[in-house]
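Below are the chains, spelled out letter by letter.
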Amino acid sequence: FRAVGPRWSKVLDRWVQEGGPLRSKPSDPDGPRNFAGADAALSAPTPSTSSASPPAATPATAGAATGTSRNCKPLPANIKDWRILGIESSCDDTGAAVLNGYGEILGEALASQAGIHEKWGGVVPRLAQDGHRQAIDQTVEEALKRANVAAEGLSAVAVTVGPGLGLCLEVGVRKAIRIAAAHRLPLVRVHHMEAHMLVTRMPAAEKAQAAQAKGEDPVASPHFPFLTLLVSGGHNMAVLSRGIGNHTILGSTIDDSIGEAFDKTARALAITSIPGGPHLEKMAKEGDPDMHSLPKPLGKTRDPGLKHGCDFSFSGLKTAVRTLIDKEVPPAKIKDMPEDEVRKKRADVAAAFQTVAVDHLCERAGRAAEWAVDMEPATACMVVAGGVAANQAVRQGLQEVAEMNGLEMRCPPPRLCVDNGVMVAWAGVERLKLGLFEEPPSEAKAEHFVEIRPRWPIGNRDPRSQQAPAPKRAAKQQKRKAEAPAETPAAAKSQKQA
């Protein structure tokens, strides 16, 4: 604001005097100001802080956690009485769930679109948006019904705003804002990948019940800091998590994610189900991984950053598998081959692909574990989250990596590895405890607050993971320019006259 001009500086000064992010409402009249509260709010750690510890609940944020200092419904004093609705619509699954502050699942519902996209071989954004629009109301109502709570009985609403497919995110965000605006509920905008990692911290049902019996709040575990491996159809990264909203990317994919590689390879192996990864895993169990030799991803790269870093690459492996499939089970000869032989050849290819893919994932995960422990010696856990975390070969390989680095591996239950409303609701609980929410807009202005973030980095990148190879075309142009003979003044003059 100050960079824009003096007029905005006055606006900013008044905003701070009114309490900054904790002001009760935008139309506060002029009067006595609580400067101490404003200063505390502005100095409190934010989601983008570089502190090694999660944001602390200062007196200002503690007041925010109850909702008493904002123009919205206050949260119950006892977190057991919280009723948090989570809405997920980032890709092809419409999810909704209601949790209490202890993390107990009171009700949930999930609408899958697998049947819609199978014939297209992947998720079609426009069809996915239509599917969400048709399912969102019924999915939310079903979750509320199973939780035995009405919309006006909710304490807050959490919703995924990114990253994901923009057309799909819009449906869930619009629904969440409408509910929050209608009942003046605190609104929590959730990062999709952070929700995947935080659901691992959600207390198990028995622990929540035991804490409830003792009159204590269940403790979220694992404690920060920890290493997170996000493996899904759209994302593949290693992240050092120091707190809520405080993450450092150690490595990510430079092309395709492991989930996308699994799905595309499954499609090439005549698996039409969406997602194809789980079916490829079953097929791989019937094959011999040593029957074929596939290239190691990034094995021949000359870039030191890629060779010795934590970044992933699955595009080359995917191409090599396609070439192998065309050789072993060419479409023109399938009709003349016995069915058992075709199945065996496909199973061998699936087994070889899965072995190399998992080996590459584990190699980079091991290096990320070394970096994480070096950066934060207190790191004691490796969280594996995302849809691919349900793959047993992936779990087994990463379990060995964790043990080799002295870390405990944590995975969500398989049903919570896929996109769901539970993880969004729990991410909402974690943020509400820190006062990280916003007051809802008025019903009249609700449509103007539908903000989505299809591309939303989860944090800053470690400098060691930012070394990318120079574009080949640019390198060739520079080489030609260096080899070109120097132009004489006379030649330049002659060319100018011409």
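**Examining the packing of helix 5 (residues 125-147) against helix 6 (residues 166-183)**
Phase 1: Relative to each other, helix 5 and helix 6 sit at 25 degrees, their axes nearing to 8 Å. Considering the angle they form, helix 5 stands roughly parallel to helix 6. The element helix 5 and its partner helix 6 pack so that their crossing is right-handed. Mapping the contact onto sequence places Pro 125, Arg 126, Ala 128, Gln 129, His 132, Arg 133, Ile 136, Asp 137 and Val 140 in helix 5 and Leu 167, Cys 168, Glu 170, Val 171, Gly 172, Lys 175 and Ile 179 in helix 6.
Phase 2: For the contact of helix 5 with helix 6, the class distribution of residues is eight nonpolar, three polar and five charged.

**Observations concerning the nonpolar core**
Phase 1: Core analysis: the largest hydrophobic core is formed by 55 residues, its most contacted members being Leu 250, Leu 280, Leu 294, Leu 317, Phe 353, Met 382 and Leu 398.
Phase 2: When contributions to this core are tallied by element, the ones reaching two or more residues are strand 6 (226-231), strand 7 (236-243), helix 9 (258-268), helix 10 (277-284), helix 12 (315-328), helix 13 (339-375), strand 9 (381-385) and helix 14 (392-404).
Phase 3: Residue contributions to this core peak at 17 residues, all from helix 13.
Phase 4: Setting aside residues no more than four positions away along its own chain, Phe 353 makes contact with Ala 261, Phe 262, Thr 265, Leu 280, Leu 294, Leu 317 and Val 321.
Phase 5: With 43 residues, the next largest nonpolar core counts Ala 158, Ala 208, Ala 220 and Phe 437 among its residues.

**Quick look at unusual backbone geometry**
Phase 1: With an omega of -10 degrees, the peptide bond between Gly 162 and Pro 163 qualifies as cis.
Phase 2: Cis geometry marks the peptide bond from Phe 224 to Pro 225, where omega comes out at 0 degrees.
Phase 3: Mapped onto the secondary structure, Pro 225 falls in the loop between helix 8 (205-214) and strand 6.
Phase 4: Even without a glycine there, the phi angle at Arg 184 is positive, about 55 degrees.
Phase 5: Looking at the secondary structure, you find Arg 184 in the loop between helix 6 and strand 5 (187-191).
Phase 6: By relative accessible area, which is 25% here, Arg 184 ends up partly exposed.
Phase 7: With a phi angle near 70 degrees, Ala 270 is a residue other than glycine that sits in the positive phi range.
Phase 8: As for its position among the elements, Ala 270 is in the loop between helix 9 and helix 10.

**A word on the sheet that holds strand 7**
In a beta sheet, neighbouring strands pair by backbone hydrogen bonds and run either parallel or antiparallel.
Phase 1: Strand order in this open sheet of six strands is 10-9-6-7-8-11, and the pairing throughout is mixed. In this open sheet, the two edge strands, each paired with only one partner strand, are strand 10 (408-410) and strand 11 (460-461).
Phase 2: By the bridge criterion, two bridges tie strand 8 (residues 246-252) to strand 11 in an arrangement that is parallel. Each bridged residue has a counterpart across the sheet, and for Ile 249 the counterpart in strand 11 is Arg 461.
Phase 3: Its contacts with the sheet put helix 13 on strand 6, strand 7 and strand 8, and the angle it makes with strand 6 is roughly 155 degrees.

About the cut-offs
- Residues numbered from 1 in each chain as written.
- Predicted model: local features only at pLDDT ≥ 70, side-chain atom pairs only at ≥ 80, totals over all residues.
- Heavy atoms only, no water.
- Axes fitted to C-alpha atoms, helices over the stretch in contact; angles between N-to-C directions.
- Helix = DSSP H or I, 4+ residues; strand = E, 2+ residues; numbered from the N terminus.
- Parallel < 35°, antiparallel > 145°, perpendicular 65-115°, else oblique.
- Left-handed = near helix turned anticlockwise from the far one by under 90°.
- Contact = heavy atoms within 4.5 Å.
- Nonpolar A, V, L, I, M, F, W, Y, C, P; charged D, E, K, R; others polar.
- Core = buried A, V, L, I, M, F, W, Y, C linked by side-chain atoms within 4.5 Å.
- Buried < 20%, exposed > 50% of the residue type's maximum accessible area, 1.4 Å probe, protein only.
- Pairing = 2+ DSSP bridges.

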